[in-house]
Amino acid sequence: MSFSPHPSVPPGCNSIQEQRDRWERKRSRTARELVQTEQRYCQQLQLVTTFFVEILKAKGTLRQDIREGIFSSMKDIHSVNQSLLVHLENGYFGKGLDRFCSHLHFYNTYVDNIYNANKVLEIQLKKNKAFRRFKKLQEARPEFNNYKLEDLLQLPIQRIAQYEHFLQDLIANTSSDHPEFGQLSRAVAAVCEVSQRIQENTRCHENHLQLCRVQKLLKGRKTRVSAAGRWYIREGWLKMVPPKGVEAKPKMFFLFSDMLLQATRCSALHPTNGEKFAGQHSYPLQDSTIEKVFGHTRSKGGLLSLTFPKAKLLLMSSNQQDFNDWYECLSSAIRKLQSKPTVVHQRDEVCHKPLRSAVDSNNTTSSSSGRKRNVEHTEDALKPLLEQEGSAPKRIKQSDAPEQSSSDAASSSCVIL
């Protein structure tokens, strides 16, 4: 009876033992690379703790709150990683990583503070001449190898991504009956949690930059864009069709997770507000509905109907891709808002809705048919206007974010965070 290798064994491996040897070689290579990069990482952490944290504390160049604002838990991270390095160099990968993950709260503190650290550092470099001179002298040391403090402060963030990569490679080449398999599995889960925390913080920071950018584009302080739980989605020009007549006027619209903001361009002759917009109306998306009046086929643009509790908008675009993107973004935002559970407190006597009579039903039916005829009439009236529009709607020039840009930008300038 001949032996048949396991289906997962690649061609060329004639036995399970050969496959195990192949896994072990890969595991050893990953382990060796992990040790080497950890040694370099600890050296760089020591540069920050020795030549910045400790000396700044001794000299008193920066107040304690400012030092903590810049360096946060860097010193604790250095201490934890020195202990990890000892375990790794002695070959105790499972034990060392397991103990290391019990101290990942120092990394959580650091990643939550990193954007504030960059801001505090920038302010001190502008206002504190003594610190600016001290930083320049320290960075000129040969040990720094042309690294700047700004680069070194990002190392713990970058190292988490490297740990995630190394640990996944280790666990992939470790058999389930290996004594370190359980420890490595726990380490992978713990590091992935910190990695997700970093991604969420980055997403929130990018959204904050977008809200600040839109706020700067609006004239005055009457329209407030920043709000708790609000997310920026997209912006662009759409033509607003008035109730009477067929003259569509272009307006700038900013779409957020809970509202649609309508704005108009300020006069180009204004000395300070020539490039800004004046907010006209904000429409809450909570109780709104959206539908395509036309534009269901591959036509040249289309018309959207948005119904709000106290208003109704007809928005037109002559660019088919832009039209489809607006529809998808608006539909998604409305759907997410309406899917959130809301608690409404009512008195018992008004909780039950009265039954509608047959007369009311007839009125509703006739009203619906009337609306249908109005929609068909609007479609016939606006089709010639869309056919005359040959160019895509003008878009606002996106300003560069000071730190990081949005995570995804489609060709239609849609940015969904």
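Residues numbered from 1 in each chain as written. Predicted model: local features only at pLDDT ≥ 70, side-chain atom pairs only at ≥ 80, totals over all residues. Heavy atoms only, no water.

What about the overall build of the protein chain?
We apply this condition: Segments assigned H or I by DSSP are reported as helices when at least four residues long, segments assigned E as strands when at least two residues long, and all are numbered from the N terminus. Think of it in three bands: residues with accessible area under 20% of the maximum for their type are buried, residues over 50% are exposed, and the middle band is partly exposed, with areas taken using a 1.4 Å probe on protein chains only. Should any heavy atoms of two residues lie within 4.5 Å, those residues are considered in contact. Note on areas: these come from Shrake-Rupley sampling with a 1.4 Å probe, and a residue is covered only by the protein chains present in the view.
Each helix and strand counted, the protein chain has 11 helices and seven strands in total. Relative to its 417 residues, the protein chain shows a buried fraction of 42%. Within the protein chain, contacts between residues at least 6 apart in sequence are counted, and of these 64% link residues at least 24 apart. By element, 51% of the accessible surface of the protein chain is carried by carbon and sulfur atoms, the whole surface being about 24,800 Å².

What to know about the pattern of salt bridges
Stated precisely, the cut-off is as follows: One side-chain nitrogen of Lys or Arg within 4 Å of one carboxyl oxygen of Asp or Glu is enough to make a salt bridge.
Summed over the entire model, instances satisfying the criterion amount to 16 salt bridges. Measuring nitrogen to oxygen at the nearest pair gives 2.8 Å for the salt bridge that ties glutamate 38 to arginine 159. In this pair, glutamate 38 sits in helix H1 (residues 16-59) while arginine 159 sits in helix H8 (residues 155-172), placing the two residues 121 residues apart along the sequence. A single burial state applies to glutamate 38 and to arginine 159, both of which are buried.

Considerations on the packing of aromatic side chains
Selection criterion: Ring pairs shown here join Phe, Tyr and Trp side chains whose ring centres sit within 6.5 Å, with only the six-membered ring taken for Trp; geometry is labelled stacked below 30 degrees between planes, edge-to-face above 60, and tilted in between. The criterion is that NZ of a Lys, or CZ of an Arg, lies within 6 Å of the ring centre and within 35 degrees of the ring normal, and then a charge sits over that ring.
Tallying each qualifying case throughout the model produces 10 aromatic pairs. In this structure, arginine 230 is placed above the aromatic ring of phenylalanine 256, and the distance from its NZ or CZ to the ring centre is 5.9 Å. Here the basic side chain of lysine 292 rests over the ring of tyrosine 327, its NZ or CZ set 4.6 Å away from the ring centre.

Describing the packing of helix H5 (residues 105-127) against H8
For any two helices packed against each other, the geometry is given by the interaxial angle and the distance between the axes. As a reminder of what qualifies: Every axis corresponds to a line fitted to the C-alpha atoms, with the helix fit spanning only the stretch in contact, and the corresponding angles, defined between N-to-C directions, vary from 0 to 180 degrees. Reported orientations rely on four angle classes, namely roughly parallel under 35 degrees, roughly antiparallel over 145, roughly perpendicular from 65 to 115, and oblique for the rest. Crossing handedness is defined as follows: a turn of the near helix away from the far one that is anticlockwise and smaller than a right angle gives a left-handed crossing, while the clockwise case is right-handed. Under the scheme applied here, ten amino acids are nonpolar (Ala, Val, Leu, Ile, Met, Phe, Trp, Tyr, Cys and Pro), four are charged (Asp, Glu, Lys and Arg), and all others, including Gly, are polar.
One can describe the packing of H5 onto H8 by two numbers: an axis separation of 10 Å at closest approach and a directional angle of 125 degrees. Regarding the angle of H5 to H8, the classification is oblique. The crossing of H5 and H8 is left-handed. Contact with H5, carried on its side by Tyr107, Tyr110, Val111 and Ile114, involves Pro156, Ile157, Ile160 and Tyr163 of H8 and no other residues of that element. Here the residues of the contact of H5 with H8 sort into eight nonpolar, no polar and no charged.

Observations regarding the sheet that holds strand E4 (residues 277-284)
Worth spelling out the cut-off: Think of it this way: DSSP has to see at least two bridges between two strands before they count as a pair.
Taken together, the seven strands give an open sheet; going across it, the order is E4-E3-E2-E1-E7-E6-E5, and neighbouring strands pair in antiparallel fashion. Single-partner strands in this sheet number two, and they are E4 and strand E5 (289-294). The sheet shows a mean angle of 35 degrees between the axes of neighbouring strands, direction not considered. The pairing of strand E6 (residues 302-308) with strand E7 (residues 311-317) spans seven bridges and is classified as antiparallel.

Looking at H1
How we decide: Any helix carries an expected span of 1.5 Å times its number of residues minus one. Fitting axes to the seven residues that end at a residue and to the seven that start at it, the angle between those axes gives the bend at that residue.
Look at H1: 63 Å from first C-alpha to last across 44 residues, which is about the 64 Å you get at 1.5 Å a residue. Along H1, the sharpest kink reaches roughly 30 degrees, centred on threonine 49. Of the residues trailing H1, glycine 60 is marked for its positive phi of about 75 degrees.

Section: the confidence of the model for the protein chain
Stated precisely, the cut-off is as follows: Note on scores: pLDDT gives the predictor's confidence for each residue, bounded by 0 and 100.
Looking at the protein chain, the pLDDT average stands at 81 and 76% of residues meet or exceed 70. Looking over the protein chain, one finds the lowest element-wise mean pLDDT in helix H11 (residues 358-388), namely 47, and the highest in helix H3 (residues 74-89), namely 97. In this model, residues 1-9 is a region of pLDDT below 50 whose contacts with residues beyond four sequence positions or in other chains number seven contacts. Every residue in residues 343-378 scores below 50 in pLDDT, and together they form five contacts with partners more than four places removed in sequence or on other chains.

Examining unusual backbone geometry
One non-glycine residue, serine 72, lies in positive phi territory at about 50 degrees. With respect to the helices and strands, the residue serine 72 is situated in the loop between helix H2 (64-71) and H3. Residue serine 72 is classed as partly exposed on the basis of its relative accessible area, which comes to 25%. For asparagine 145, which is not glycine, the phi dihedral falls at a positive 50 degrees. Mapping asparagine 145 onto the fold places it in the loop between helix H6 (129-139) and helix H7 (149-153).

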